[in-house]
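Each chain, letter by letter, is given below.
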There are 2 protein chains.
Amino acid sequence: MKIALDAMGGDFAPQAAVDGAVLAAEALAGKAQIVLIGQEDAVRPLLEQHGAAAADLQLVPASQIIEMGEHPAKAYQQKQDSSIAVGYKMLATGEVEAFCSAGNTGAMLVGAMFSVKAVPGVMRPAIANFVPKLHGGMGIMLDVGANAECKPEMLEQFGELGSLYAQYVLGIEKPKVGLMNLGEEEGKGTAITQAAHQLLKVNPHIHFIGNIEGRDLFNDKADVIVCDGFTGNVVLKMAESVYDIIAEKNIHDPFLDKFNYEAVGGSPILGINDNAIIGHGVSTPTAICNMLLQGYQMASSGIADQIKNTFKS
Amino acid sequence: MKIALDAMGGDFAPQAAVDGAVLAAEALAGKAQIVLIGQEDAVRPLLEQHGAAAADLQLVPASQIIEMGEHPAKAYQQKQDSSIAVGYKMLATGEVEAFCSAGNTGAMLVGAMFSVKAVPGVMRPAIANFVPKLHGGMGIMLDVGANAECKPEMLEQFGELGSLYAQYVLGIEKPKVGLMNLGEEEGKGTAITQAAHQLLKVNPHIHFIGNIEGRDLFNDKADVIVCDGFTGNVVLKMAESVYDIIAEKNIHDPFLDKFNYEAVGGSPILGINDNAIIGHGVSTPTAICNMLLQGYQMASSGIADQIKNTFKS
């Protein structure tokens, strides 16, 4: 199995990308090969510094870079030899089974839609993020930014997508799906969350437990937290800032340390025909490594096929 | 000056209400009198336990109680001798200059609209909440739950209301107003936040600094954080849960301790003709006391008149 990494993506690329890829290659030795995609001149010397540890890594050249500030759709279409475009081409042709990048988030989304494409039946793919649970384990929250505005049917599908991920990748047997809202009662919220509630309630593929509130993010009420990308994005960035504040104050605690994005390394795009993960711009080698391990887990679990089968009907 | 408290509101009422009122009466001695509103049989004995310390408190009888789970509008209209209804009557007639309650939030909102009413020109009053800032001071965020769905014009008004509060009550000279969004760029967000951005940008009464993100809640970018009540409610409850988790872990830090709702004690309703504050259901005596002190600050600042003058034009 091959897992690809955009060697040019992220604020500290290519150094952090190469270092993280070497870490992941060690962790996945005998199970998967890491494929680095990027400018050969920049990446080769960094790989050589790692000596024998980097022997198993494959380097695929890509001459262009989509910068963080570039317009996603325009850059993706104009830079067909960028590391992101080359990565998605390899993913679409099946040369690799997952593609990870800490680069331009918008370009990663555009690439997903243009190359591997949304699963037929999925209205809009979503970006998922992980939520540490106070009593152990991880929950999954989606959407966290791909879709600022969501129709009720989209929220319903996010419940299904998240439930499948929780089941097949996180190993949660009967994932509890909760709808983020401003009150627990059925009639609470916007017209959209009210309608989504009714759809989720009768969806036979999921175990819907009703509305949850902001205070339920870290408790055991729901394994899958459904929300529009606006709300999810605000919540995610707020949680990250809380972690940064706590870390800066040198406060350490096994639970609070799980807020660190490095622990998971990236956010999967769910609802596309293949496995793609978007990493944080500031990704460290540890974060890159964990993103690649997550890519391996996704690919091994066959989650993309599970999603395709569910939405076929 | 008289500041009124619903003695029957909150999970630990009337005990916590009476104890908190006595604390506030001591703090405001010579400046304001606390008026307790509630069932005489229940409140009088508790007051007597405080002896001389409670001598300056006034008790106004109200025979009914609106329970936490009751339907707000129905309960408010049917229980005209409830502590909340009596409190609002006293506020509307000018017998007291602020009314505070840790009781049924919905009933407090309904009462505000029915009795003291929205300021002419204000489309929808909002509930505001306070956000501790990492480098000191407090910011204000609104709406946090009165309006799940907001038109762009409502968000614009929240910017004005919050700015006036920050100026006249928090003493911030030229409050920076930020619009909560999923990206900093002007074109980001939903159709509603995009339109609100354009309105806020040209509003001459405020100092708009643009979009902010979830990570900017606690930094110095904005003193006034504008958002719809859905987003604000999720953020507020999430922040409360983070504080609870940290407190349970016995982690203490001067900044993190400010997340404690007790420190401010309540959320003002802004955009009505008078001063009303809603406290947390679990309010302790300290929280009740601080809510009353906030009521005194609001009344002293003349914030309600400032809002009326601004929206008259």
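Rules behind the numbers
- Residues numbered from 1 in each chain as written.
- Chains lettered and ligands numbered in written order.
- Predicted model: local features only at pLDDT ≥ 70, side-chain atom pairs only at ≥ 80, totals over all residues.
- Heavy atoms only, no water.
- Helix = DSSP H or I, 4+ residues; strand = E, 2+ residues; numbered from the N terminus.
- Rg over C-alpha atoms; globule rule 2.2 N^0.38 Å.
- Buried < 20%, exposed > 50% of the residue type's maximum accessible area, 1.4 Å probe, protein only.
- Contact = heavy atoms within 4.5 Å.
- Lys, Arg positive; Asp, Glu negative; His and termini not counted.
- Charge placed at Lys NZ, Arg CZ, Asp CG, Glu CD.
- Least-squares fit on C-alpha atoms with pLDDT ≥ 70 in both.
- Pairing = 2+ DSSP bridges.
- Axes fitted to C-alpha atoms, helices over the stretch in contact; angles between N-to-C directions.
- Buried area = accessible area lost by both parts, 1.4 Å probe.
- Salt bridge = Lys/Arg side-chain N within 4 Å of Asp/Glu carboxyl O.
- Nonpolar A, V, L, I, M, F, W, Y, C, P; charged D, E, K, R; others polar.
- Right-handed = clockwise from strand over helix to strand, strands pointing away.
- Core = buried A, V, L, I, M, F, W, Y, C linked by side-chain atoms within 4.5 Å.
- Phe/Tyr/Trp six-rings, centres within 6.5 Å; stacked < 30°, edge-to-face > 60°.
- Domains from an automatic or database assignment.
- Polar contact = N/O pair within 3.5 Å; in protein donor to acceptor, adjacent residues only side chain to side chain.
- Parallel < 35°, antiparallel > 145°, perpendicular 65-115°, else oblique.
- Left-handed = near helix turned anticlockwise from the far one by under 90°.

### Considering the overall build of chain A
Next up, step 1: Along its length, chain A carries 10 helices and 11 strands.
Next up, step 2: Here chain A has a C-alpha radius of gyration of 19 Å; the compact-globule value for 313 residues is 20 Å, and the two agree.
Next up, step 3: Over its C-alpha atoms, taken along the principal directions, chain A stretches across nearly 60 × 45 × 35 Å.
Next up, step 4: Counting over 313 residues, chain A shows a buried share of 60%.
Next up, step 5: Once local pairs closer than 6 in sequence are excluded, the contacts in chain A between residues at least 24 apart make up 70%.
Next up, step 6: In chain A, which carries 21 positive and 35 negative side-chain charges, the distance between the mean positions of the two groups comes to 6 Å.

### Overview of the relation of the copies chain B and chain A
Next up, step 1: Under the fitted operation, chain B is carried onto chain A by 0.0 Å of movement along the axis and a turn of 180°, and the coordinates agree to an RMSD of 0.0 Å. This pairing of chains is accounted for by a two-fold axis. By C-alpha distance to the rotation axis, the residue of chain B lying nearest is Thr231 of chain B, at 2.9 Å.
Next up, step 2: Comparing contact sets, 100% of the residues at the interface of chain B also lie at the interface in chain A, consistent with an isologous, same-surface contact.

### Re the sheet that holds strand 6 (residues 138–142) of chain A
All names here are of chain A.
Next up, step 1: Spatially, the 11 strands line up as an open sheet ordered 3-2-1-4-11-10-5-6-9-7-8, and their pairing is mixed. At either end of the open sheet lies a strand with only one pairing partner, and these are strand 3 (58–61) and strand 8 (207–212). On average, adjacent strands in this sheet sit at an angle of 30° to one another, irrespective of strand direction.
Next up, step 2: Sheet contacts for helix 2 (residues 40–49): strand 2 (33–38) and strand 3; angle to strand 3, the most-contacted strand, approximately 165°.

### A few points about the interface of chain B and chain A
Next up, step 1: Each partner contributes to the interface: chain B provides 36 residues, whereas chain A provides 36 residues.
Next up, step 2: Surface buried jointly by chain B and chain A totals about 3200 Å² across both partners, of which 76% is contributed by carbon and sulfur atoms.
Next up, step 3: For the chain B face of the interface with chain A, the top three residues by lost area are Leu182, Phe230 and Met238 of chain B, together amounting to 22%.
Next up, step 4: For the interface between chain B and chain A, the tally reads 4 salt bridges.
Next up, step 5: One salt bridge connects Lys249 of chain B with Asp253 of chain A, and the closest N-O pair in it is separated by 3.2 Å.
Next up, step 6: Within the residue set of the side of chain B that touches chain A, elements represented by two or more residues are helix 7 (191–202) and helix 8 (229–248) of chain B.
Next up, step 7: With 14 residues, helix 8 of chain B is the largest single contributor of residues to the side of chain B that touches chain A.
Next up, step 8: Considered class by class, the residues forming the side of chain B that touches chain A number 18 nonpolar, 10 polar and 8 charged.

### Description of the pairing of strand 8 (residues 207–212) of chain B
Residue and element names in this part refer to chain B.
Next up, step 1: Two strands pair when backbone bridges link them, and strand 7 (residues 176–180) and strand 8 are joined in this way by 5 bridges, in the parallel orientation. Directly across from Met180, in strand 8, lies its bridge partner Ile212.
Next up, step 2: Note that the unit made of strand 7, helix 7 and strand 8 has a crossover that is right-handed.

### Some remarks on the nonpolar core
Next up, step 1: Counting 106 residues, the largest nonpolar core has Tyr88 of chain A together with Tyr88 of chain B as its most contacted members.
Next up, step 2: For Tyr88 of chain B, the contacting residues outside a window of four places in its chain are Tyr76, Phe99, Ala107, Met108, Gly111, Ala112, Ser115, Val116, Ile269 and Ala276 of chain B.
Next up, step 3: Formed by 62 residues, the second largest nonpolar core is a distinct cluster that contains Ala7, Val43, Ala126 and Leu200 of chain A.

### Structural notes on the packing of aromatic side chains
Next up, step 1: Throughout the structure, instances matching the rule amount to 14 aromatic pairs over all chains.
Next up, step 2: Ring pairs connect the aromatic residues Tyr76, Tyr88, Phe99 and Phe114 of chain A, which therefore count as one cluster.

### Looking at the domain arrangement of chain A
Residues and elements named next belong to chain A.
Next up, step 1: What the domain assignment reports for chain A is domain 1 (1–122 + 271–313) and domain 2 (123–262).
Next up, step 2: Counting from both sides, the interface comprises 25 residues of domain 1 and, opposite them, 17 residues of domain 2.
Next up, step 3: The largest share of the area that domain 1 buries against domain 2 comes from Val122, His280 and Phe311, three residues that together contribute 26% of it.
Next up, step 4: Where domain 1 packs against domain 2, one counts 9 residue pairs in polar contact (both at pLDDT 80 or more).
Next up, step 5: Top element by residues in the side of domain 1 that touches domain 2 is helix 9 (residues 285–301). It accounts for 7 residues.

### A look at the pattern of salt bridges
Next up, step 1: The full count for this structure, using the stated rule, is 18 salt bridges over all chains.
Next up, step 2: Across the pair Glu40 of chain B and Arg44 of chain B runs a salt bridge whose closest N-O atoms are separated by 2.9 Å. Highlighted residues: Glu40 of chain B and Arg44 of chain B, both in helix 2 (residues 40–49), separated by 4 residues, approximately one helical turn.
Next up, step 3: Residue Glu40 of chain B is classed as partly exposed on the basis of its relative accessible area, which comes to 34%.
Next up, step 4: Assessed through its relative accessible area of 36%, Arg44 of chain B is described here as partly exposed.
Next up, step 5: Taken together, the shared-partner salt bridges in this structure form one network comprising Glu184, Asp216 and Lys221 of chain A.

### Observations regarding the pairing of strand 2 of chain A
Residue and element names in this part refer to chain A.
Next up, step 1: Burial runs high along strand 2: 5 of the 6 residues are buried.
Next up, step 2: When strand 1 (residues 2–6) meets strand 2, the two strands line up parallel, connected through 5 bridges. From the neighbouring strand, Ala4 faces strand 2, where its bridge partner is Val35.
Next up, step 3: Once the chain exits strand 1 it traverses helix 1 (residues 15–27) before rejoining the sheet at strand 2, and the crossover so formed is right-handed.

### Here we look at the sheet that holds strand 10 (residues 266–270) of chain B
Residue and element names in this part refer to chain B.
Next up, step 1: Strand order in the open sheet formed by 11 strands is 3-2-1-4-11-10-5-6-9-7-8, and the pairing between neighbours is mixed. Looking at which strands have only one partner, the edges of the open sheet turn out to be strand 3 (58–61) and strand 8. Neighbour-to-neighbour, the strand axes of this sheet turn through a mean angle of 25°, independent of strand direction.
Next up, step 2: Bridge analysis of strand 5 (residues 126–132) against strand 10 gives 2 bridges, and the strand direction is antiparallel. For Ile127, the partnering residue across the bridge sits in strand 10 and is Ile269.

### Regarding the packing of helix 6 (residues 152–168) of chain B against helix 10 (residues 303–312) of chain B
All names here are of chain B.
Next up, step 1: The interhelical angle for the contact between helix 6 and helix 10, taken along N-to-C directions, is 140°, at an axis separation of 10 Å. Here helix 10 runs oblique to helix 6, going by the angle between their axes. Pair helix 6 / helix 10 crosses with right-handed handedness. For the pair helix 6 and helix 10, contact is made by Gln157, Glu160, Leu161, Leu164, Tyr165 and Tyr168 and by Ile303, Gln306, Ile307, Thr310 and Phe311, respectively.
Next up, step 2: Looking at the contact of helix 6 with helix 10, its residues break down into 7 nonpolar, 3 polar and 1 charged.

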